[in-house]
Protein chains: 2
Amino acid sequence: MRRVTMADVAKEAGVSKSTVSQFLNKRYEHMGDETKEKIRAAIEKLGYRPNYIARSLKQKRTAMIGIIVANIMHRVSTEISRAIEDYCHEHDMHAIVCNADDDPVKERKYIEMLRARQVDGLIVFPTGENIELYKQMEKENYPIVFVDRKIDGVNVNTIVVNNKEATHQAVSHLIQKGHRKIAIVTPPLTIYPRIERVNGYKQALRDYSIKIKPEYMISTDIKNILSQLKTVFTLPEKPTALVAGNDLSFFEVMTFIKENRVCIPQDLAIVVFDNIPFANISNPTITTIAQPAYEMGKKAAELLLKQINKERVGSELYTFPCKLIIRESSSEKNIIN
Amino acid sequence: MRRVTMADVAKEAGVSKSTVSQFLNKRYEHMGDETKEKIRAAIEKLGYRPNYIARSLKQKRTAMIGIIVANIMHRVSTEISRAIEDYCHEHDMHAIVCNADDDPVKERKYIEMLRARQVDGLIVFPTGENIELYKQMEKENYPIVFVDRKIDGVNVNTIVVNNKEATHQAVSHLIQKGHRKIAIVTPPLTIYPRIERVNGYKQALRDYSIKIKPEYMISTDIKNILSQLKTVFTLPEKPTALVAGNDLSFFEVMTFIKENRVCIPQDLAIVVFDNIPFANISNPTITTIAQPAYEMGKKAAELLLKQINKERVGSELYTFPCKLIIRESSSEKNIIN
DNA sequence: GTGAAAGCGCTAACAT
DNA sequence: ATGTTAGCGCTTTCAC
């Protein structure tokens, strides 16, 4: 039972392949109604399904894009990916998502893999370590958009959030609520967004003339966070508020809180930089700095498709504002547990 | 600047296309060392990247599979998809994920789309409404695996969980803790797993000779759940325990709880059928019936790849057991809030 | 050991 | 209004 091809349809309908091709591509300008009907019937009878691979080979476009996420464990990455996929589907494109797992080697492998598959463009949450590869794509004018991290020296459209300002705003809010001893917990300061978040934190303290205490600043691998938290909370001056630099750090903080029976928010106020699902319906009540994932993803996809369609190129930096979502338990005490 | 093709490499290296092809496919059995080196150098010099689309056309395989998820809003669907993708990547395959959004029309569209793209096989969380299409694929012997829902009359390898038994176990547990007034909330009973969950609930009540009260059983569209919950909780005999049939129902329940200041678990014990992220670190403390998403995804992928490689076919039903994860707050009172 | 040639299923000039 | 033809970039017999 051989695969049904366009030639079979053509023969069945008594026309040529090109006519069938016209039909399939809905170019029926000069096509007889009966011809149309014959082709339609032949397709139906044979159960013909077009082969997009063959078409792609000829047309040199696959209607697929690749998304390379630095680390899919971050909630916001999956949210942005989803937004990109949705936008793509609306425009008859498909997306292949790959997880670089914060590994530049994997990132490179996936970029090459996806390009070998002839994806029409790439949206990358860059690890930042493959500068030469990025530059090469830029030089080739290959359609690409960066998300989450700006890479210096690579001129590519880039989507980021206002990490510094948003953190500044959140810390200022804590200070205005009376907090003076504010800790911050992040993964290692190896990438730009994390550095900016810490910078925003420091700036806010400075603006209120509060001394920056290095012992309140934890920046270490996820697996070490728990032990360092223990150290901080045995200091004579325990923090009364804490900023988690991203969701993964937050989970460590939560584990610490649960294990050590810290009361939220009486003993400790918490602000998290990242989208925490169900933060609004769950306790402890935590304030979050939400990234506009949907808008970011949509913009990234939009820019990429424009590049693919040669409508524009450019290499601008698009900075999206985060939203501080303040949740304070106030009157909710003793409702839950 | 034309794209570099294999012919260019061949010319540059002073060999023929077929030799280059051999080289790329690592078939160097009878290949001179100097030939190898010449080709390697030419590839490097020209920056050649193979075109997998052309290869796919010739080989009639794309090393891609499609995943069609009934509704990506369910946490467990994304977990299973992730597991499938991981398994695929380990086997040099890629996956394209599509969200049917519980819409049979979209499901059909995606199935046809993915097959036109020549994916080597499909993993489908079936809506259940495209029986003819499923049967056709079965007849064509097209590699396919169903996940989450068994479709009667379609003989395809299928991965499900023990919905009925797991719910039975959870409800039994509630009864053993002294509950007699147990409600259940699910989306409409249109698909098999939901029906089975309700059946497990009923069976458990029967086993303990507890009367089944229709007024405790809410099965309605997500958007109506809230209002029906209000009705239930104004009954003279309020439930003391509640089973949420899936994660989306649970979120509605949580909203209700928050709005109406119901105390968990004093006023109401809650069990959720589904994987709720952070259930372990968050309050209120809820018991969950966890589906083994990783194992399910892995098995689905494994079965599909075997079909693709013609190692086996079969159309078995694989039932995975869920795990009841009991979380009771006990001594944790007043630690949080 | 390496090359020549045919062909995968489709599209797009160009002819008619 | 439809047909002819020449590829797209690769793999794969089968010769040499």
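These numbers come from a predicted model, not from an experiment.

**Side note on the overall build of chain A**
- Assigned secondary structure in chain A consists of 12 helices and 12 strands.
- In terms of overall size, chain A is more extended than a compact globule, its C-alpha atoms giving a radius of gyration of 26 Å where 337 residues would be expected to give roughly 20 Å.
- Here the C-alpha coordinates of chain A stretch approximately 90 × 50 × 35 Å along the principal axes.
- Split into buried and exposed, the 337 residues of chain A put 54% on the buried side.
- Here the contacts in chain A between residues at least 6 apart in sequence split such that 65% fall between residues at least 24 apart.
- Carbon and sulfur atoms provide 49% of the accessible area of chain A, an area that totals close to 15500 Å².

**Here's the deal with the sheet that holds strand β10 (residues 287–290) of chain B**
Residue and element names in this part refer to chain B.
- Spatial ordering of the open sheet is given by β7-β6-β8-β9-β10-β12, a layout of 6 strands whose pairing is mixed. The sheet is open, and its two edges are formed by β7 (217–219) and β12 (323–325), each paired on a single side. Geometrically, the sheet is characterised by an average inter-axis angle of 15 degrees between neighbouring strands, direction not taken into account.
- Of the strand pairs in this sheet, strand β9 (residues 269–273) and β10 are connected by 3 bridges, and their pairing is parallel. Across the sheet, the residue bridging to V272 is T288, located in β10.
- Packed onto the sheet, helix α8 (residues 163–176) meets β6 (182–186), β8 (241–244), β9, β10 and β12 and runs at close to 170 degrees relative to β9.
- Contacting β6, β7 and β9, helix α9 (residues 192–207) runs over the sheet at an angle of about 170 degrees to β6.

**Details of the interface of chain A and chain B**
- Opposite the 58 residues of chain A that make contact, chain B presents 59 residues.
- Contact between chain A and chain B buries roughly 5500 Å² in total, counting both sides, with carbon and sulfur atoms accounting for 57%.
- The interface formed by chain A and chain B includes 2 salt bridges.
- As a salt-bridge pair, E140(A) and R49(B) come within 3.6 Å of each other at their nearest N and O atoms.
- Our enumeration of links across chain A and chain B arrives at 10 residue pairs in polar contact (both at pLDDT 80 or more).
- For the side of chain A that touches chain B, the secondary structure elements donating two or more residues are α4 (52–59), α5 (75–90), β2 (94–99), α6 (104–116), α7 (131–140) and α11 (247–260) of chain A.

**Here's the deal with the UniProt feature "domain: HTH lacI-type" (unreviewed entry) in chain A**
- Within this numbering scheme, the UniProt entry marks residues 4–59 of chain A as carrying the feature "domain: HTH lacI-type" (unreviewed entry).
- The distance from the first to the last C-alpha atom of residues 4–59 of chain A is 21 Å, and the span holds 68% helix and 0% strand.

**What to know about the pairing of β9(B)**
All names here are of chain B.
- Most of β9 sits inside the fold, with 5 of its 5 residues counted as buried.
- Across 4 bridges, the pairing between β8 and β9 is parallel. Bridge pairing in β9 links V243 to V271.

**Some words on the protein's contact with DNA strand D**
- With respect to spatial proximity, 24 residues lie near DNA strand D, and among them S18(A), T35(A), M6(B), K17(B) and Y48(B) are the closest.
- At a separation of 2.6 Å, a phosphate oxygen of DNA strand D approaches a polar backbone atom of S16(A).
- Within the contact set of DNA strand D, a base nitrogen lies 2.6 Å away from a side-chain nitrogen or oxygen of K17(B).
- Put simply, the parts of the chain that give the surface near DNA strand D at least two residues each are α2 (17–24) and α4 of chain A together with α2 (17–24) and α4 (52–59) of chain B.
- In terms of residue class, the surface near DNA strand D is made up of 7 nonpolar, 12 polar and 5 charged.

**Details of the sheet that holds strand β11 (residues 317–320) of chain A**
Residues and elements named next belong to chain A.
- In spatial order, the strands read β2-β1-β3-β4-β5-β11; together these 6 strands make up an open sheet with parallel pairing. Only two strands of the sheet have a single neighbouring strand rather than two, namely β2 and β11. Sheet twist, expressed as the mean angle between neighbouring strand axes with direction ignored, is 20 degrees.
- Relative to β11, strand β5 (residues 157–161) is paired through 4 bridges, and the arrangement is parallel.

**Let's talk about the pattern of salt bridges**
- This model, assessed by the stated rule, comprises 26 salt bridges over all chains.
- Across the pair K223(A) and D221(A) runs a salt bridge whose closest N-O atoms are separated by 3.6 Å.
- In this structure, D101(B) and K106(B) form a salt bridge, with 3.3 Å as the shortest nitrogen-oxygen distance.
- The class for K106(B) is partly exposed, based on a relative accessible area of 31%.
- Where salt bridges share partners, they join E37(A), R40(A) and E44(A) into one cluster.

**Quick notes on the protein's contact with DNA strand C**
- Every one of the 25 residues lining DNA strand C counts as a neighbour, but M6(A), K17(A), Y48(A), H30(B) and T35(B) are closest to it.
- For DNA strand C, the fraction of atoms within 4 Å of the protein that belong to sugar or phosphate moieties is 68%.
- Between a phosphate oxygen of DNA strand C and a main-chain N or O atom of S16(B), the distance comes to 2.7 Å.
- Of all the secondary structure elements, the ones that give two or more residues to the surface near DNA strand C are α2 and α4 of chain A together with α2 and α4 of chain B.
- Top contributing element to the surface near DNA strand C by residue count: α4(A), with 4 residues.
- Counted by class, the surface near DNA strand C contains 7 nonpolar, 13 polar and 5 charged residues.

**Let's talk about the relation of the copies chain A and chain B**
- Once chain A has been moved 0.1 Å along the axis and rotated by 180 degrees, it coincides with chain B to within an RMSD of 0.1 Å. Classification of the inter-copy transformation places it as that of a two-fold axis.
- Of the residues that chain A buries at the interface, 100% are likewise interface residues in chain B, meaning the two copies contact each other through the same surface.

**Here we look at the pairing of strand β2 (residues 94–99) of chain B**
All names here are of chain B.
- Summarising burial for β2: 6 of the 6 residues are buried, a large majority.
- Side-chain alternation along β2 places H94, I96 and C98 on one buried face and A95, V97 and N99 on a second face that is also buried.
- Bridge count for strand β1 (residues 64–69) against β2 is 6 bridges, and the pairing is parallel. Within β2, the residue paired with G66 across the bridge is I96.
- For the segment spanning β1, helix α5 (residues 75–90) and β2, crossover handedness is right-handed.

Cut-offs used in this document
Residues numbered from 1 in each chain as written. Chains lettered and ligands numbered in written order. Predicted model: local features only at pLDDT ≥ 70, side-chain atom pairs only at ≥ 80, totals over all residues. Heavy atoms only, no water. Helix = DSSP H or I, 4+ residues; strand = E, 2+ residues; numbered from the N terminus. Rg over C-alpha atoms; globule rule 2.2 N^0.38 Å. Buried < 20%, exposed > 50% of the residue type's maximum accessible area, 1.4 Å probe, protein only. Contact = heavy atoms within 4.5 Å. Areas by Shrake-Rupley, 256 points an atom, 1.4 Å probe, with all protein chains shown as cover. Pairing = 2+ DSSP bridges. Axes fitted to C-alpha atoms, helices over the stretch in contact; angles between N-to-C directions. Buried area = accessible area lost by both parts, 1.4 Å probe. Salt bridge = Lys/Arg side-chain N within 4 Å of Asp/Glu carboxyl O. Polar contact = N/O pair within 3.5 Å; in protein donor to acceptor, adjacent residues only side chain to side chain. UniProt positions renumbered as here; feature names shortened; annotations may be inferred. Near = heavy atom within 4 Å. Nonpolar A, V, L, I, M, F, W, Y, C, P; charged D, E, K, R; others polar. Least-squares fit on C-alpha atoms with pLDDT ≥ 70 in both. Right-handed = clockwise from strand over helix to strand, strands pointing away.

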